[in-house]
Amino acid sequence: MTFRTVTTPLATALEIPLPREGGFPPELLDACLAPAESLERLRDPQVLVVTTGQQPGLFTGPLYGVHKALSAAALASHLERRWERPVVPVFWIAGDDHDFAEANHSSWLAADGTLTSWSLPPRAAEAALTPMYRERLGEAILEGLEALESSLPHSEFRDATLGWLRRHYQPGQTVSGAYNGALAELLAPWGVVCFDSTHPAVKRRAAPWLMKAAGLTQDLDRDLALRDADLKAVDADPRVHVGDGASLVMIEAAQGRDRLVVEGAHLVTRRSGETFTLEELNALAAAEPERLSPNVLLRPVVESALLPTVAYVAGPGELRYLPLTDPVYRRLRVHVQVPVPRWSGLVVERRVDRVLEKFEATLDALGAPDQALERRVVLSHMPSEITEAVVAVTDAINRAYDVLAASGSRIDPTMAKPVEGSRRQALGAVEHIDKRLRGHLKKREATELRQIAHARTAVYPHDAPQERILGAPSLLARYGQDYLTTLHATIHDWYQAALEGEPVQS
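Because the structure is predicted, anything quoted here is derived from the model rather than measured.

Peer 1: Outline the sheet that holds strand β8 (residues 246-253), listing residues and values.
Peer 2: Each strand in a sheet pairs with its neighbour through backbone hydrogen bonds, running either in the same direction (parallel) or in the opposite one (antiparallel). Within the open sheet, the five strands sit side by side as β11-β10-β9-β8-β12. Their pairing is antiparallel. Since the sheet does not close on itself, it has two edges, and those belong to β11 (275-276) and β12 (292-294), each with one partner. Direction of pairing for β8 relative to strand β9 (residues 256-263): antiparallel, over a ladder of five bridges. Residue pairing across strands places A253 opposite G256, the latter belonging to β9.

Peer 1: If you had to explain the pairing of β8 to someone new, which residues and values would you point to?
Peer 2: For β8, a buried count of eight out of eight residues is recorded, marking the element as mostly surrounded by other parts of the structure. Where β8 folds back onto β9 in an antiparallel hairpin, the turn is made up of two residues. The pairing of β8 with β12 spans three bridges and is classified as antiparallel. Considered in β12, the bridge of I251 is made with L292.

Peer 1: So, the pairing of strand β13 (residues 309-314): which residues are in play, and what are the values?
Peer 2: In terms of burial, β13 is largely enclosed, as six of its six residues are buried. Of the pairings in the sheet, the one linking strand β3 (residues 48-54) to β13 comprises three bridges and is parallel in character. By the bridge assignment for β13, V49 is matched with T309. Sheet topology note: the β13/strand β14 (residues 338-341) ladder contains four bridges and is parallel. Bridging across to β14, Y312 finds its partner in P339.

Peer 1: Break down the nonpolar core for me, citing the residues and quoting the values.
Peer 2: Soluble globular proteins tend to bury their nonpolar side chains together. Counting 86 residues, the largest nonpolar core has V50, L75, Y169, L366, Y483 and Y495 as its most contacted members. The biggest single contributor to this core is helix α2 (residues 63-83), with 11 residues. Not counting chain neighbours up to four residues away, the residues in contact with Y483 comprise F3, L63, H67, V347, L475 and L476. Counting 57 residues, the second largest nonpolar core, distinct from the first, contains L29, L216, V249 and V302.

Cut-offs and rules
Residues numbered from 1 in each chain as written. Predicted model: local features only at pLDDT ≥ 70, side-chain atom pairs only at ≥ 80, totals over all residues. Heavy atoms only, no water. Pairing = 2+ DSSP bridges. Helix = DSSP H or I, 4+ residues; strand = E, 2+ residues; numbered from the N terminus. Buried < 20%, exposed > 50% of the residue type's maximum accessible area, 1.4 Å probe, protein only. Core = buried A, V, L, I, M, F, W, Y, C linked by side-chain atoms within 4.5 Å. Contact = heavy atoms within 4.5 Å.

The values reported here are purely geometric and, on their own, carry no functional implication.
Next comes the structure, spelled out in structure tokens:
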């Protein structure tokens, strides 16, 4: 095996879900993109689903999106065997998301081991906040594909990876549509259903729930503020701002996707200042439901209202804020699906392990701050007699100057400052010699330091976990389907251990 997986579990206990009333709404099947077998399973009247989701991103976004999808697939298979009824993994594509800066870039490891990134042209500061299901890719996307082609390592899997992306990321396609298609093709072997939450059928079905939440804005705002205070009191800050009169409903208005806020008897868009009565919003929901969408706190509630979901596979940020949503479920009288932590971990390539073996280092050492591993490597090449001499001279200087400071001050009290100044000069001279020697060693050991830097970039690019920076093409181009197959097996075993009550760890 040319790589291994290392689990880095999220600091959240896994609660085992319970079944609920099943049945996938037939009218929402058109919003699903998946193999025919998976779609047929959704027609079973007893079917349940395990959901997860993510906002669209360039070239399928960071790796944690794939981790969430394969986590949902693994958990669904375990629950299906446990309950002896169909459980299907569903990936909710949050195409309403309007954060272009989050979606417009991708990073991967180039053939030489360095981190390479590419971004779509930035959105103008004054531009409307267009949702990703309306944001179309221009000709620039071809430059991004060329950047990938020119820098990915040559391997038997490189052309297939590029072909997969080219089938979906094309000029004229929307960011959300490209993401949906690419992810559905990638995850098809594991039966993951990609669910387009912006499909007209979904919008129509969700509109009554959005309007119910809009009508309860003041009650929900008050409930959420109380819940937020309770969570903060036990050091569980959800890190979502509430209690300012904002509704949980977003609307596409003059300046793009906008938040509705209560002002007297009206709801007003926060940026464009457009005013709506509740009656006007109801009329808009009936005529143009595609313009309405839930915010981050309402989305999981709408998801549970529309789909027979028993669990939501969540990342660390979601696990922080999902406890805040309790009053929303209660007010809207919607079944609460169980938040379940996704698998989190690293893919450690053989070249990284070779570096770790060479320097007798651990993955934790690569992740340590301040380049401590590099300093250790440099110091290991310093002859021991020099290190000992530096320590000895430093100690001798300090001992001698301690005597001069104490005895000299008894003779002349004004000598204290000159003695300390002279001590600093003497110590500085020794430090200068030490630094010059270390600097020369660093130049001599540049190759080794470069090896460490490349190993660190592979697992902790930008000093962040690999899954938050690298995209799937980086590993698919190196290892092809073996990467996903191995990853799914790791995740499957991890959930099995958790469901059987064993410690969830690497």
